[in-house]
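Here are the chains, one letter per residue:
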Amino acid sequence: MRSLLISKWTKVAVFLLCLVPFGELVWRIIKSELGANPVEFLQHATGDWTLRFLVFTLCITPFRKLFKLPDLIRFRRMLGLFAFFYVCLHFLTYLGPDQSFNLSAMWKDVAKRPFITVGFAAFVSLIPLAITSTAGWIRRLGGKRWQLLHRSIYFAAVCGVIHYYWLVKSDVRKPLFYGALVAILLLWRLGSWFSQRRSQAPVRVATPRVSVNG
Amino acid sequence: MLIRKAPELTYADVTPKSVYLDRRKFLQAMGIVGATAVAGRSLFDITFPSQTAFAATKFTGLVKSPFSTTEKQNTLEDVTHYNNFYEFGTDKGDPAKNSKNFQTSPWTVSVEGEVKKPRKFTMDEILKIAPLEERVYRHRCVEAWSIVVPWIGFSFSNLIKLVEPTPKAQFVAFESYFDPRQMPQGRYAGLDFPYVEGLRMDEAMNPLALLCVGMYGETLPNQDGAPVRITLPWKYGFKSAKSLVKIKFQEKMPPTTWNRLASNEYGFYANVNPTVDHPRWSQAKERRLGEIFKRPTLMFNGYADQVAAMYSGMDLKKNY
């Protein structure tokens, strides 16, 4: 298992896999198979994939510990960057077709509509994470500060779920599904933080969760 | 289907679409390949027409309406695969998938309440109330998308006159069919079914209010509200209740489905109004299906000349 995880080719395969949803969208655009409302189709698809990749990214730490697979860290940055990639596409479908690339109209909309506000907040909070995702930035910021900054993915995930929840009219099953996943992943962290604090209370040395080679 | 000497066609007797389509296919194919092989295939289709095609039957002799817009119509494909019909599921594509076997024949509509002549109408009786017109209307959803559809029907006022409402009749309530066995997806909709909508009497009498039995020259597809619905082009789409089984005239304003779910978001009037936003999104613009950028939404969806007088003196910000 370990050799599979650290293989260069696994990383390439995961990378290509992450591009499949994008490829499907491009394919559908070329074949004009986006249904009656192509813009909405792209908005929903890119939004869905953003939430999914945020969830995948948040799965890495618990999975590393639960399944004793520390090498999973090798995929965390890539998954996070793909979440950012899909949220950028998602944002473009809003800025372009919805707001006609009119920035002042967009700001008004962001200020006025709570569901847009939280979605926009989630998007903006992911920008510094994408920028500081390199090894150089981890060094510059120092592991602890870097880790603190990158915890804002929790904020982005929660905002993303609220954004989805406030969008739908009455059938809240899908937003609640994502909400439940995010809740489980965040509660697990809370739980492990508490148990760690208890077991290491006198020493208070946190196991470093950040790996530079990740 | 029995061959009988019907003096006139009834709702269920019009040639199934698969038959005339296959005849056309048959004639086309004759020119290309040998007649014998195709004849066998065509005969098969005529003998066993597919069940889904049975519902779509053609209307002839439709009257053109002065209310029709000349705007570009959306395609039948778009209008039948992008639906809000929550009884059949909440995804836009769900109604097309899940309504395939919806039983719409036999069908009766009960007209009751504050009327001198309450009665039940069969579909055949409904089709004979008034000459069928084709009306090309703009249809604006509360979700800020819109379509242009050639509906078929007649002014609802024709039916109202037949049943003679009493002076007590101030409102009319429309109730849609609901059968959890045929509509199992309805339980996830988050709405209370059966679906109920309503109008004030003067709104119901407005000639634009269309009792609708078809579109694109044919009977209504199941996902668009077969076999009979109401179509109110100056109001958001959710007011136009589908698959009607009950029409009730009453003294009090009927509680309506979306209004009961969220009265701050969906008013009783629900007139299309670009100046009054939905609490969660703007109503100033809309996306016409088939277009990328949004276009401005018109007051009363562009039907102000016909309907604005009914609301003069009303605060439309309060009565949204």
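Just above sits the structure.
First things first, this report covers the structure right here in the doc. (Residues numbered from 1 in each chain as written. Chains lettered and ligands numbered in written order. Predicted model: local features only at pLDDT ≥ 70, side-chain atom pairs only at ≥ 80, totals over all residues.)

1. A few points about the overall build of chain B
Here comes step 1: Within chain B, the secondary structure is distributed over nine helices and 13 strands.
Here comes step 2: Burial analysis of chain B (320 residues in total) assigns 42% to the buried set.
Here comes step 3: The contacts of chain B with a sequence gap of at least 6 include a subset with a gap of at least 24, amounting to 70%. (Helix = DSSP H or I, 4+ residues; strand = E, 2+ residues; numbered from the N terminus. Buried ≥ 20, exposed ≤ 12 C-beta atoms within 10 Å, placed from the backbone. Contact = placed C-beta atoms within 7 Å.)

2. Focus: the pairing of strand β6 (residues 171-176) of chain B
Residue and element names in this part refer to chain B.
Here comes step 1: Extensive coverage of β6 is indicated by the burial of six of its six residues.
Here comes step 2: Side chains Phe171, Ala173 and Glu175 of β6 all project onto a buried face; the interleaved residues Val172, Phe174 and Ser176 project onto the opposite face, where all are buried too.
Here comes step 3: Taken together, the six bridges between β6 and strand β11 (residues 244-250) define a ladder with antiparallel strand orientation. The partner of phenylalanine 174 across the bridge, within β11, is isoleucine 247. (Pairing = 2+ DSSP bridges.)

3. What to know about the packing of helix α3 (residues 38-66) of chain A against helix α9 (residues 152-167) of chain A
Residue and element names in this part refer to chain A.
Here comes step 1: Running from N to C, α3 and α9 cross one another at 145°; their axes reach a closest spacing of 10 Å. As for the relative orientation of α3 and α9, their crossing is left-handed in sense. Taking contact as the criterion, the partners of Gly47, Thr50, Leu51, Leu54, Thr57 and Leu58 in α3 are, on α9, Ile153, Ala156, Ala157, Gly160 and Tyr164. (Axes fitted to C-alpha atoms, helices over the stretch in contact; angles between N-to-C directions. Left-handed = near helix turned anticlockwise from the far one by under 90°.)

4. Let's talk about the packing of helix α4 (residues 76-98) of chain A against helix α6 (residues 114-131) of chain A
Residue and element names in this part refer to chain A.
Here comes step 1: With their axes 10 Å apart at the nearest point, α4 and α6 run at an angle of 140° to one another. Taken together, the axes of α4 and α6 lie oblique to each other. For the pair α4 and α6, the crossing hand works out as left-handed. The segment α4 lies against α6, with Gly80, Leu81, Ala83, Phe84, Val87 and Phe91 engaging Phe123, Leu126, Leu129 and Ala130. (Parallel < 35°, antiparallel > 145°, perpendicular 65-115°, else oblique.)

5. Side note on the interface of chain B and chain A
Here comes step 1: Facing the 17 residues of chain B at the interface are 14 residues of chain A.
Here comes step 2: Within the side of chain B that touches chain A, the residues separate by chemical class into ten nonpolar, three polar and four charged. (Nonpolar A, V, L, I, M, F, W, Y, C, P; charged D, E, K, R; others polar.)

6. Remarks on unusual backbone geometry
All names here are of chain B.
Here comes step 1: Backbone torsion omega between phenylalanine 193 and proline 194 reads 5°, so that peptide bond is classified as cis.
Here comes step 2: Within the secondary structure, proline 194 is located in the loop between β6 and β7 (196-200).
Here comes step 3: Residue alanine 226 is joined to proline 227 through a cis peptide bond whose omega torsion reads -5°.
Here comes step 4: Among the structural elements, proline 227 can be located in the loop between β9 (218-219) and β10 (229-231).
Here comes step 5: One non-glycine residue, glutamate 164, adopts positive backbone phi at about 55°.
Here comes step 6: Within the fold, glutamate 164 resides in the loop between α6 (157-163) and β6.
Here comes step 7: In this structure, asparagine 301 takes a positive phi of about 55° despite not being glycine.
Here comes step 8: Along the chain, the position of asparagine 301 falls in the loop between β13 (295-296) and α9 (304-307).

7. Describing the sheet that holds strand β3 (residues 119-122) of chain B
All names here are of chain B.
Here comes step 1: Spatial strand order, β3-β2-β11-β6-β7: five strands in an open sheet with mixed pairing. Of all the strands in the sheet, the pair left with one neighbour each is β3 and β7. Ignoring strand direction, the axes of neighbouring strands in this sheet form an average angle of 20°.
Here comes step 2: Bridging between β6 and β7 involves five bridges; their strand directions are antiparallel. The residue of β7 that forms the bridge with phenylalanine 174 is glutamate 197.

Coordinates in, geometry out; function isn't part of it.
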